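Each chain, written out:
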Amino acid sequence: MDILSLLGNGFAVALTPENLFLALMGCFLGTLMGALPGLGPANGVAILIPIAFSLGLGPTSSLILLTSVYYGAMYGGRISSILLNIPGDEPAMMTCLDGYPMATQGKAGEALSLSGFASFIGAFFATCGLVLLAPQLVKIALLFGPAEYFVLFTVAFATLGGITATNQAKSAFAAALGLGIAMIGSDSQTGSQRFTFDHIHLYDGIDFLIAIVGLFALSEVFIFLENHKSKNTNQTITPKVGRILPDFKMIGRCIPTMARGTGLGFFAGVLPGAGASLGSFLAYSLEKQTVDREGKTFGKGDPRGVAAPEAGNNAASGGALVPMLALGVPGSGTTAVLLAVLLQLNITPGPLLFTKNPDVVWGLIAALFISNFILLAMNIPLVGLFTRVLMVPTRILMPVVAMISFVGIYSITGSTFDVMLMVGFGVAGWVLRKLDVPLVPVILGILLGNQMEVNMRRAMTISDGDWSVFFSSPLAIILWVIAIAGFVLPMIYGRRIREGMKNTDAGV
Amino acid sequence: MSDRIFGGFGLLLAIFYIWAASIIKDSFMVDVVGPRAFPYIVGAVLAICSIYFIVRPDDEPEWPAFRSFSEIVFATAVMLLYAWALPELGFLISTVFATAYLTWRLGTEPLWALLTGLLTSVGIYTVFHLILGLSLAKGPFGF
């Protein structure tokens, strides 16, 4: 087995003491960030990229650290869902529905250990799926020429709004904004200065890390500043965890539930524009349809209602890595941030990554397996430690987050101009969020803009200026159909799915 | 109404962008498409979306009341000031005040906020500079 020997090499890379330690740290920090409301996986990874980079870690080590944070945050989101009824991150929303009722019945410990186990099952099998599916996708991707790549990037932008997009024009606007920002700086093909207005700080373009940290992390601080008076931020409820030992009978009863959740979640993760939130939503609704048609136990603390969405969202987070690694096109905000990690390390994801840097890919995949086991170990016995972190009031936490963002950006750029630019992105992010303009397409536009343009220009050079090159191969036409469908379908079906999500949410 | 203003703003941005793209100078190297084609497409998408916002605006978002709004303006000012102060005063001193301001505005008693600022600053300095070796801003006193 070719894959097995590659994976074996990967384990050899991932099992060095340094990488193992980084995985451990990443898992711990990730769980922490996932558990804290307001600090999701995308924020967590975004803040840590500049720090990992200025520590001078090698590509594989940085990737191991940051993907462990990614997986850890996915595990951690459930903790505050269950204990406080506040989702730690967006995909953990569905876990509130049955997790919090379980906690109020004094079964918080069982809910936490069960959901930890469900997370493990979801993430573990999704990583297996990644191992099997990604190389297959690479084979297809090797058939892509510049024209197909250009269309593929279009697919990414068209589907990014996702099934739940409220206003596709706003997603398109956001994408164009990101692409427009990416154009700033000297043109990679001809060297012409574009949009720099002879401003020396702009000659190299705008570093995408500045945009990411500003848009994600700082805008969160602004949102919090705006809302802290209306919300009750001083949680006075002391969550009682109860017995932490997992109830193996209950876990056993939930295994079919986890299997269904994992399958659906992985599928939702691989699809462009779906992501972990939809994965957990689908897993929860399907489970409710299958085992509790009359709605007798779901929403009232049914353990299966905790296991399904957790398996779903963790499987989706593994699935989302498939298009990111194999095609270089992320389908969600968090994987867009992971793409930023790769680009920062001068690694171009996509089919060539698997042939050129097999040690990076397989080391990463092996690290995912390892971090899964670390997370399982960390999340069941140590869950009490993480619940204590939830006691830290957000009014102290948020400024710390802001300062760490500043430290990261300053340590890689060392320039006041860049730090001010980050503040500017933070304010812009806040305004865009208020106006319901999604931020992920902006980020993706900044990340992919140059590659998208380069591919367009290469295709045009090959065809000698004939625009029909973008419609000339069957593969390109299929991709166009996907792009158009992905853009138009949400306008038709989006409202129904959104309402479904809202009703399930309100029906507690 | 907010969406209409946003659309108007977006349209201005698009026009500015297309204008800025039109004055890109050619260099001695040329390819078939040139450096202006892709920016034109991006500008066009911006313009079309902006017109859509003007014609079919969404529901009004919940804008904060004047007080929360001024909070954000002041916080932005403090962060910009912080960015300016970093190389002037050094990391430790600037961070104490920036953190203290934010913590205070988020509802901590002023004295406690100052203490939090001090602890955060020293904590970050210890972890990121002394232990992990990141380069932080150096002021006149070397920290």
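Conventions adopted
Residues numbered from 1 in each chain as written. Chains lettered and ligands numbered in written order. Predicted model: local features only at pLDDT ≥ 70, side-chain atom pairs only at ≥ 80, totals over all residues. Heavy atoms only, no water. Helix = DSSP H or I, 4+ residues; strand = E, 2+ residues; numbered from the N terminus. Rg over C-alpha atoms; globule rule 2.2 N^0.38 Å. Buried < 20%, exposed > 50% of the residue type's maximum accessible area, 1.4 Å probe, protein only. Contact = heavy atoms within 4.5 Å. Areas by Shrake-Rupley, 256 points an atom, 1.4 Å probe, with all protein chains shown as cover. Lys, Arg positive; Asp, Glu negative; His and termini not counted. Charge placed at Lys NZ, Arg CZ, Asp CG, Glu CD. Domains from an automatic or database assignment. Expected span 1.5 Å × (residues − 1). 1 Å grid on protein atoms, 1.4 Å probe; cavity = no way out; pocket = protein on both sides within 12 Å on 5 of 7 lines; lining within 4 Å. Points joined across faces, edges and corners; volume = space filled by probe spheres on them. Nonpolar A, V, L, I, M, F, W, Y, C, P; charged D, E, K, R; others polar. Core = buried A, V, L, I, M, F, W, Y, C linked by side-chain atoms within 4.5 Å. Disulfide = S-S within 2.5 Å. Axes fitted to C-alpha atoms, helices over the stretch in contact; angles between N-to-C directions. Left-handed = near helix turned anticlockwise from the far one by under 90°. pLDDT = per-residue confidence, 0-100. Bend = angle between axes of the 7 residues up to and from the residue. Polar contact = N/O pair within 3.5 Å; in protein donor to acceptor, adjacent residues only side chain to side chain. Buried area = accessible area lost by both parts, 1.4 Å probe. Salt bridge = Lys/Arg side-chain N within 4 Å of Asp/Glu carboxyl O.

1. Considering the overall build of chain B
A count of helices and strands for chain B gives five helices and zero strands. In chain B, the succession of helices and strands from N to C terminus is α-α-α-α-α. Taking 15 Å as the expected radius of gyration for a compact globule of 143 residues, we find that chain B reaches 23 Å, considerably beyond that expectation. C-alpha atoms of chain B, sized along the principal axes, occupy 55 × 50 × 25 Å. Put simply, chain B has 143 residues, and 44% of those count as buried. Of all intrachain contacts in chain B linking residues separated by at least 6 positions in sequence, the fraction that spans at least 24 positions is 60%. Of the roughly 8,000 Å² of accessible surface on chain B, 74% is carried by carbon and sulfur atoms. Charge centroids of chain B, computed over 7 positive and 10 negative side chains, lie 6 Å from each other.

2. With respect to the domain arrangement of chain B
Each assigned domain of chain B is listed with its residue range as follows: domain 1 (2-55) and domain 2 (66-131). A C-alpha centroid distance of 38 Å is found between domain 1 of chain B and domain 2 of chain B.

3. So, helix 2 (residues 37-55) of chain B
Because an α-helix packs 3.6 residues into every turn, residues spaced three or four apart end up facing the same way. If you check helix 2 of chain B, its first and last C-alpha atoms are 27 Å apart, about what 19 residues at 1.5 Å a residue would give, namely 27 Å. Residues A37, F38, P39, V42, G43, L46, A47, C49, S50 and F53 of chain B constitute the buried set of helix 2 of chain B. Contacts made by the buried residues of helix 2 of chain B are with helix 7 (146-160), helix 8 (168-182), strand 2 (193-194) and helix 21 (440-462) of chain A together with helix 1 (2-22) of chain B.

4. Brief notes about the layout of surface pockets
Residue and element names in this part refer to chain A. Its volume calculated, the second largest pocket comes out at about 1,100 Å³. Lining the second largest pocket are 42 residues; nearest its centre among them are L343, T348, L447, N450 and Q451. Listed by contribution, the elements that provide at least two residues to the lining of the second largest pocket are helix 7, strand 1 (185-186), helix 15 (333-344), helix 16 (351-356) and helix 21. Of all the elements, helix 21 adds the most residues to the lining of the second largest pocket, at seven residues. When the residues that make up the lining of the second largest pocket are grouped by side-chain class, the tally is 22 nonpolar, 14 polar and six charged.

5. Thoughts on the nonpolar core
A general tendency of soluble globular proteins is for nonpolar side chains to be buried together. The biggest cluster of nonpolar side chains holds 208 residues, and the ones touching the most others in it are V45, M258, F406 and F470 of chain A together with F91 of chain B. Of the domains in this structure, domain 1 (2-55) and domain 2 (66-131) of chain B are the two that each give at least three residues to this core. Setting aside residues no more than four positions away along its own chain, F406 of chain A makes contact with L218, V419, M422 and V423 of chain A together with M79 and Y82 of chain B. M94, L97, L278 and F281 of chain A belong to the second largest nonpolar core, which has six residues in total.

6. Some words on the state of the cysteines
Residue and element names in this part refer to chain A. For the structure shown, the criterion picks out zero disulfides over all chains. C128 forms no disulfide, and the closest cysteine sulfur to it belongs to C27, at a distance of 17 Å. Counting only cysteine sulfurs, C96 is the nearest neighbor of C254, a cysteine outside any disulfide, at a range of 18 Å. Given the relative accessible area of 2%, C254 is considered buried.

7. Things to note about the packing of helix 15 of chain A against helix 21 of chain A
All names here are of chain A. Interaxial distance between helix 15 and helix 21 falls to 9 Å at its minimum, and their mutual angle equals 35°. Relative to helix 21, the crossing made by helix 15 is left-handed. Contact residues: helix 15 offers G333, A336, L339, A340 and L343, while helix 21 offers V440, L444, L447, L448 and Q451. When the residues that make up the contact of helix 15 with helix 21 are grouped by side-chain class, the tally is eight nonpolar, two polar and no charged.

8. Side note on unusual backbone geometry
Residues and elements named next belong to chain A. In this model, D198 sits at a positive phi of 55°, which is unusual for a non-glycine residue. Of note, D198 is situated in the loop between strand 2 and helix 9 (208-227). When its relative accessible area of 66% is taken as the criterion, D198 is described as exposed. For D464, which is not glycine, the phi torsion reads 60° and is therefore positive. With respect to the helices, strands and loops of the structure, D464 is situated in the loop between helix 21 and helix 22 (474-506).

9. What to know about the confidence of the model for chain A
Per-residue confidence for chain A gives a mean pLDDT of 84; residues scoring 70 or more make up 92%. Confidence drops under a pLDDT of 50 for residues 232-236 of chain A, and excluding neighbours within four residues, the segment shows six contacts in the predicted structure.

10. A closer look at helix 6 (residues 108-141) of chain A
All names here are of chain A. Look at helix 6: 46 Å from first C-alpha to last across 34 residues, which is about the 50 Å you get at 1.5 Å a residue. The largest bend in helix 6 comes to about 30°, at L133, with the proline P135 one to four residues further on. With respect to burial, helix 6 is a largely interior element, 25 of its 34 residues being buried.

11. Structural notes on the side chain of D302 of chain A
Along the chain, D302 of chain A falls in the loop between helix 12 (275-291) and helix 13 (303-319). Among the polar contacts made by the side chain of D302 of chain A, one reaches the side chain of T297 of chain A at a distance of 2.7 Å.

12. Digging into empty space enclosed by the protein
Residues and elements named next belong to chain A. Within this structure, the stated rule accounts for one cavity of 30 Å³ or more. Taken together, I49, A52, F53, S62, L66, V341, Q344 and L345 make up the full set of residues lining the largest cavity. Broken down by element, the lining of the largest cavity gets its largest block of residues, three residues, from helix 3 (residues 41-54). Here the residues of the lining of the largest cavity sort into six nonpolar, two polar and no charged.

13. So, the interface of chain A and chain B
Every contact between the two is made by 63 residues of chain A and, on the other side, 70 residues of chain B. Buried surface at the junction of chain A and chain B, both sides included, amounts to about 5,600 Å², of which 79% is carbon and sulfur. On the surface where chain A and chain B come into contact, there are two salt bridges. A salt bridge links D58 of chain B to K170 of chain A; the nearest nitrogen and oxygen atoms lie 3.1 Å apart.

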